[in-house]
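# A closer look at the structure
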Amino acid sequence: MRYLFVHQNFPGQFLHILRYLHRQGGHEIVFISEANEGALPGVRRVIYKPTRQPGDTTHPSLRELELALGRAEAVARTANTLRNNLGYVPDVIIGHHGWGELLNIGDVYPGVPVLGYFEFFYHADRYDVGFDPEFPARPELAAQVRLKNAVNLLALNLPGFGQTPTEFQRNTYPDWARRRIALLHEGVDLDLCKPDRQVARKPVEINGVVIAPQDKLVTFVSRDLEPYRGFHSFMRALPRILDERADARVILVGGDGVSYGTRPAAGTWREVMLQELGDRIDLSRVHFVGKVEYARFRVLLQRSDAHVYLTYPFVASWSLREAMATGCAIVGSRTAPVEEFIEDGRTGRLVSFLSPVEIADGVLELLEDRKLAQRLRKNARLKAEASLSLDDYLHNYDALIQDIVK
């Protein structure tokens, strides 16, 4: 078959399916994206560059939509070149609807089925908006949130098919749209992400931080250390954890940027929280290691004695799936995205996102009750084997593709 993938940040959500199709052999795979240094065997990349940027007079709430329309135009121009100059006509087009890149692709390839990734439908009165009382919604936010769905709504009115990885994400969409969106649970490589408690028998080094066998390691992972992923709540739980467990060490993985939500008035959220907590935390036992190479990240999860995963009611991170597959003893937030993965007392402990006291209680319980931690580890891995298998995900993905190209 001939495939055309589209995502501004290659390979986006499509790494595993691209590798799978390459292993199958016999396919032609073209990927339209903006420029970056990524490359995969068997995938021919075609770069697009938007030529239009929002002007100074563009309404602030329309800037995101204007960027999306610019991407749509640039992708369509690139696809026209593929079709007219190279004769490339795909059997299926697969991409992410969030960036607007697929809005005009049907004009270039009428009749070619499009499978679009629907990630999240925004609401001004639920989910992430207004969830955290520390960051109350501004009165003008409702209008801005409605406009954030402009690309979603345009995409939902195009011909084609949709997919999303969780029930929570599908349920953010209006009732009339859900029948258009297939549930395709994303999987984890269970052979790479697997338990290995032998790791705890010797010192482990993560980005220059050495964890000794006798240390109790508490881990926290996020692309960026920010409120949407509960960084502020976790930091406020640390003084009690450190006071009650002299053997506790903490490693936080993540950058100082902002992937979601707003930036602080000054500096980074890490700096804000360190200033707030002052000498209440011992920085000789709390380590900010930045971004971590994937092999070391897996070792970190294998070594973890208590892994904390918190999120607003928003899209769940890949790291939660990887932590379950690795058999981590997880303390998760009692929010809908996490509840879809973690059952309290069976595959992890669920606590209030907004309560540093509950977060500390959950971590201390796992550090002190080895039998409970062992049971949660085992059950988390079993849950991953039952519902997060990468092989199952790819088989179901392939079946969905074959179904829509019939």
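Residues numbered from 1 in each chain as written. Predicted model: local features only at pLDDT ≥ 70, side-chain atom pairs only at ≥ 80, totals over all residues. Heavy atoms only, no water.

Attention now moves to the sheet that holds strand β10 (residues 216-224). In spatial order, the strands read β12-β11-β10-β13-β14-β15; together these 6 strands make up an open sheet with parallel pairing. Only two strands of the sheet have a single neighbouring strand rather than two, namely β12 (286-290) and β15 (349-351). Strand-to-strand twist of the sheet, defined as the mean angle between neighbouring strand axes without regard to direction, takes the value 20°. Bridge count between β10 and strand β11 (residues 248-255): 7 bridges; the pairing is parallel. From the neighbouring strand, T219 faces β11, where its bridge partner is I251. (Pairing = 2+ DSSP bridges. Helix = DSSP H or I, 4+ residues; strand = E, 2+ residues; numbered from the N terminus. Axes fitted to C-alpha atoms, helices over the stretch in contact; angles between N-to-C directions.)

What follows covers the nonpolar core. Counting residues in each nonpolar core, the largest one holds 41 residues, and the members touching the most others are F234, L238 and V308. Those elements that place two or more of their residues in this core are β10, α8 (231-244), β11, α9 (269-277), β13 (306-309), α13 (356-368) and α14 (370-387). With 7 residues, α8 is the single largest residue contributor to this core. Here V308 is in contact with V218, T219, F220, V221, F234, V331, I359 and V363, once residues within four sequence places are set aside. Counting 32 residues, the second largest nonpolar core, distinct from the first, contains I206, V209, V289 and M324. (Core = buried A, V, L, I, M, F, W, Y, C linked by side-chain atoms within 4.5 Å. Buried < 20%, exposed > 50% of the residue type's maximum accessible area, 1.4 Å probe, protein only. Contact = heavy atoms within 4.5 Å.)

With 4 bridges connecting them, β11 and β12 associate as parallel partners. Within β12, the residue paired with I251 across the bridge is H287.

As a further point, take the packing of aromatic side chains. Overall, the coordinates contain 25 aromatic pairs when judged by the stated rule. Measuring from centroid to centroid gives 6.2 Å for Y3 and F5, while their planes differ by 20°, and the two rings are stacked. A relative accessible area of 0% places Y3 in the buried class. Relative to F14, the ring of F5 lies with its centre 5.5 Å away and its plane at 55°, an arrangement referred to as tilted. For F5, a relative accessible area of 0% translates into the label buried. (Phe/Tyr/Trp six-rings, centres within 6.5 Å; stacked < 30°, edge-to-face > 60°.)

What follows deals with the side chain of T58. In this fold, T58 is placed in the loop between β3 (43-47) and α2 (63-86). In this structure T58 comes out as buried when scored by relative accessible area, which is 16%. At a separation of 3.1 Å, a polar atom in the side chain of T58 contacts the side chain of E66. Those residues within four positions of T58 in sequence are excluded, and the remaining contacts are R63 and E66. (Polar contact = N/O pair within 3.5 Å; in protein donor to acceptor, adjacent residues only side chain to side chain.)

Sheet architecture is open: 7 strands sit in the order β3-β2-β1-β4-β5-β6-β7, paired in parallel fashion. Looking along the sheet, the strands with just one partner apiece sit at the ends: β3 and β7 (181-183). When the angles between neighbouring strand axes are averaged without regard to direction, this sheet yields 25°. Alignment of strand β4 (residues 92-96) against strand β5 (residues 114-117), held across 4 bridges, turns out to be parallel. Bridge pairing links G95 to G116 in β5.

The gaps left among the atoms become clear once a water-sized probe is rolled over them. Computed from the structure, the second largest pocket encloses a volume of approximately 360 Å³. Looking at the second largest pocket, it is lined by 14 residues, and the ones nearest its centre are R197, A200, K216, D305 and R370. Contributions of two or more residues to the lining of the second largest pocket are made by α13 and α14. Among the elements that take part in the lining of the second largest pocket, α14 stands out by supplying 4 residues, more than any other. Split by residue class, the lining of the second largest pocket holds 5 nonpolar, 1 polar and 8 charged. (1 Å grid on protein atoms, 1.4 Å probe; cavity = no way out; pocket = protein on both sides within 12 Å on 5 of 7 lines; lining within 4 Å. Points joined across faces, edges and corners; volume = space filled by probe spheres on them. Nonpolar A, V, L, I, M, F, W, Y, C, P; charged D, E, K, R; others polar.)

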